[in-house]
Amino acid sequence: MATLLPVSFKMAVPKEKDFMPLLASCRILVVGAGGIGCELLKNLVLTGFEDIEVIDLDTIDVSNLNRQFLFQKCHVGRSKAEVAKESALRFNPKAKIVAHHDSVLKPKYGVPFFKEFTMVMNALDNQAARNHVNRLCLASDVPLVESGTAGYLGQVTVIKKGLTECYECQPKAAQKTYPGCTIRNTPSEPIHCIVWAKHLFNQLFGEADPDEDVSPDSADPELVGQAGKSALDSSEAQSKASTTQDNESASNGNVLRVSTRAWASSHDYCPKRSPFLETSMFTTSFGFRLPSLTILKLFTKLFSEDILYLLSMEKLWENRRRPTPLTWEEAGTIDEEKEAENDKGGIADQRLWSVKECQEIFSSAVHIIRKRLTGEVTELVWDKDDESSMDFVCACANLRAHIFGIQRKTRFDVKSMAGNIIPAIATTNAVIAGLIVLEGLKVLAGEFGAARTTYLNRRPNPRRRLLVPCALDPPRPQCLVCAPRPRLALKLPVALTSVGALKDKVLRGALAMAAPDVEVVDGKGTILISSEEGETQENNGKMLKEFNIVDGTQLNCDDFLQNYNILVDIIDCDQLKDGAEFEVIGDPEQLKKEQEEQAKEQDKKEEEQTSSSSTSAATAAASLLPPTVVEDDDDLVCLDDVIVKKRKVEEGEEREEEPPLKKARSGGKTEEEEEIMVLE
């Protein structure tokens, strides 16, 4: 195993007698008290930092205890920030630590709050909060040490306004999303079934989103045909447990989709249940366990009748494997002997459930979760750490996977995929937390030229190094955040996009704004969106076209909380790639250049095609002439194309080679000579 050797700082660090008072007097803000945050707080107080504030919204869960060593079992349920403060003070009782059990996104933690600190150190685990802190540090001109881990990978970098790239200079990969029709109609991977199961939880117990409805998608009449009739006829022939109105009702020959929430409500699936439904399972005289009426109807609808409906869409299955409907009785006996061979040993969460187990766990989970819905609590939020909620999603996902012939997953795998979890490694957090403090010392000494972006790799590179330091890049001129005048082009259909969608999906979602205000640049000062509560609420349901927003209209978007402003150029487009609702393109001027280059390339291709046609005609004519003898041309020289690739290191990317050596920013030493760490 590679061993870290003592680190040597080859930079102009103040003498110890001058530096230690500086450590004690500077004010540090730590955002996040989780895996990295715990290690970071410990390192800070042991290094000599004494004035620290830490902010974290989370509470301690049992699953945190294997890697967040400032917490113990007795702390479960308490604030992470508060307990981290108490534990860190034991290392250095002289330190002054203020804990905030709160969200950094709240307005009170704005620019004035950030200006109180000498430096900010991020130990966050989500992109939205990172974007927010990045903008506040830029607005308040406070140095930021950014960090992150993903399994065995990690990185640390320094962000300083005007000197380095900000966190948003390089586009980050968007969270993977899947088309709704794939989730509802044609899943082909385990993740499709898991997403469907999470949507089902929200439809039955949480805040129902129409875009997440799990009912078969019948929006295309040509695709559906007589789907409703054939599905219902088949359903009636196979089961008497539900009526022919469970999936859809016919009206004037049209198919009307009924949402899952509406269906559940129509079958008394609500907090007020009859005494008969209080028992999840009951046993018949011959020993076969049956579910309650509601759970039986729910199971039949989800795993039998909805599948029959999908099968009636013949065109869907011309080039796909057809799913197999699953009834309650079949689930209890299918492949029973084969499933019995499944290993019963090992860790419970890593054992694959049989179909019968999925059926029983589904019934039990529905019964438990349903009891939580009371007169006061009408909506639940899915939580990967809640046992019943996790059981429900795992059971539903595996039942659906079985129906579609997709590999089933263990509860451990489903939890990782459903919660977008990359297993956290305690040693990775420890290494990254140490690097944060090292970079913080450089910032405190004013040595930004010596600061580095350091990557922790999964395995040593060809030079046998796990830690690879790279010089910081300057700000990107086209950045939508730290550029002097940020500007972007936004493609969307103005006649179909509402003001509410612009606010929630574009401004708050894609652009990570916290409190957006939008003014139409029309010379009239039309306010489209206001951050003041209720001021423009009536606009949310109106389409952009109703405000005379057309192709070429400009919107001035401002966020007072982040001190962030950007000019948005609207491009009216009815059809976007992959059915997307909108597309953020970037700098309109850059877009124009790209369009001009594309037009030139197209013209060039057309010229080449015309030239090729002329050459072909000439060749055909020449073939009619007598052949001639041509001497060999020895003067032709072929050169292989040389492809020069610039290696750009991005977050989370595995690196196999060392970046090329460069001259340091100060002095004549190479970056190799200024290494801050050595491994063997």
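Look a little higher up for the structure.
Note that the structure is predicted; figures quoted are calculated from it, not measured. (Residues numbered from 1 in each chain as written. Predicted model: local features only at pLDDT ≥ 70, side-chain atom pairs only at ≥ 80, totals over all residues. Heavy atoms only, no water.)

Participant: Mind showing me how you'd approach the packing of helix α2 (residues 35–47) against helix α3 (residues 80–91) here?
Facilitator: A pair of packed helices can be characterised by two numbers: the angle between their axes and the separation between those axes. Packing of α2 against α3 brings their axes to within 9 Å, and their N-to-C directions diverge by 30 degrees. Remark: the crossing between α2 and α3 carries right-handed chirality. Taking contact as the criterion, the partners of Leu41, Lys42, Val45 and Leu46 in α2 are, on α3, Ala84, Ala88 and Phe91. Residues of the contact of α2 with α3, tallied by class, amount to six nonpolar, no polar and one charged. (Axes fitted to C-alpha atoms, helices over the stretch in contact; angles between N-to-C directions. Helix = DSSP H or I, 4+ residues; strand = E, 2+ residues; numbered from the N terminus. Left-handed = near helix turned anticlockwise from the far one by under 90°. Contact = heavy atoms within 4.5 Å. Nonpolar A, V, L, I, M, F, W, Y, C, P; charged D, E, K, R; others polar.)

Participant: Whenever I open this one, the side chain of Lys503 confuses me. Can you help?
Facilitator: With respect to the element layout, Lys503 can be found in helix α18 (residues 499–510). With sequence-adjacent residues up to four places away left out, Lys503 is seen in contact with Arg508, Pro516, Ile529 and Asn540.

Participant: How should I be thinking about helix α5 (residues 127–140) in this particular structure?
Facilitator: Counting along an α-helix, one turn takes 3.6 residues, and residues three or four places apart therefore face a common direction. Helix length check: α5 (14 residues) gives 20 Å between terminal C-alpha atoms against 20 Å at 1.5 Å per residue, within 8%. A large share of α5 lies buried, amounting to 12 of its 14 residues. Within α5, the full set of buried residues consists of Ala129, Arg130, Asn131, His132, Val133, Asn134, Arg135, Leu136, Cys137, Leu138, Ala139 and Ser140. Those residues of α5 that are buried lie in contact with β1 (27–31), α4 (111–114), β4 (119–122), β5 (144–150), β6 (153–159) and β17 (564–572). Capping of α5 at its N-terminal end is provided by Asn126; its side-chain oxygen lies 3.4 Å from the backbone amide nitrogen of Ala128. Just downstream of α5 lies Asp141, where phi reads positive at about 55 degrees. (Expected span 1.5 Å × (residues − 1). Buried < 20%, exposed > 50% of the residue type's maximum accessible area, 1.4 Å probe, protein only. Polar contact = N/O pair within 3.5 Å; in protein donor to acceptor, adjacent residues only side chain to side chain.)

Participant: Help me understand the pattern of salt bridges in this model?
Facilitator: A side chain of one charge can pair with a side chain of the opposite charge if their charged atoms are brought near each other. Enumeration according to the criterion identifies 22 salt bridges in this entry. Its salt-bridge partner being Arg27, residue Glu116 comes within 3.6 Å of it at the nearest N-O pair. Taken together, the residues span a long stretch of sequence, with Glu116 in the loop between α4 and β4 and Arg27 in strand β1 at a distance of 89 residues. Looking at Glu116, the relative accessible area reads 43%, which means it is partly exposed. Between Glu168 and Arg135 there is a salt bridge, with its nearest N and O atoms 2.8 Å apart. (Salt bridge = Lys/Arg side-chain N within 4 Å of Asp/Glu carboxyl O.)

Participant: I tried to follow helix α16 (residues 411–418) on my own but got confused; where do I start?
Facilitator: Turning to α16, its buried residues are Arg411, Val414, Ser416 and Ala418. Where α16 is buried, its residues contact α7 (190–205) and α15 (387–403).

Participant: Quick question: what am I supposed to make of the pairing of β5 here?
Facilitator: Look at any regular strand and the pattern is simple: side chains alternate between the two faces of the sheet. Judged by how many residues are buried, β5 sits mostly within the fold: five of seven residues are covered. Pairing analysis gives two bridges linking β4 to β5, with the strands arranged parallel. Counterpart to Met121 in the pairing with β5 is Val145. Considered for its hand, the β-α-β crossover made up of β4, α5 and β5 is right-handed. With seven bridges joining them, β5 and β6 adopt antiparallel strand pairing. (Pairing = 2+ DSSP bridges. Right-handed = clockwise from strand over helix to strand, strands pointing away.)

Participant: What is the right way to look at the sheet that holds β5 in this model?
Facilitator: Taken together, the eight strands give an open sheet; going across it, the order is β3-β2-β1-β4-β5-β6-β11-β12, and neighbouring strands pair in mixed fashion. Of all strands in the sheet, those bounded by a partner on one side alone are β3 (96–100) and β12 (467–471). In this sheet, neighbouring strand axes are inclined to one another by 15 degrees on average, regardless of whether the strands run parallel or antiparallel. Of the pairings in the sheet, the one linking β6 to strand β11 (residues 452–456) comprises three bridges and is antiparallel in character. Among the inter-strand pairings, Gln155 is bridged to a residue of β11, identified as Tyr455.

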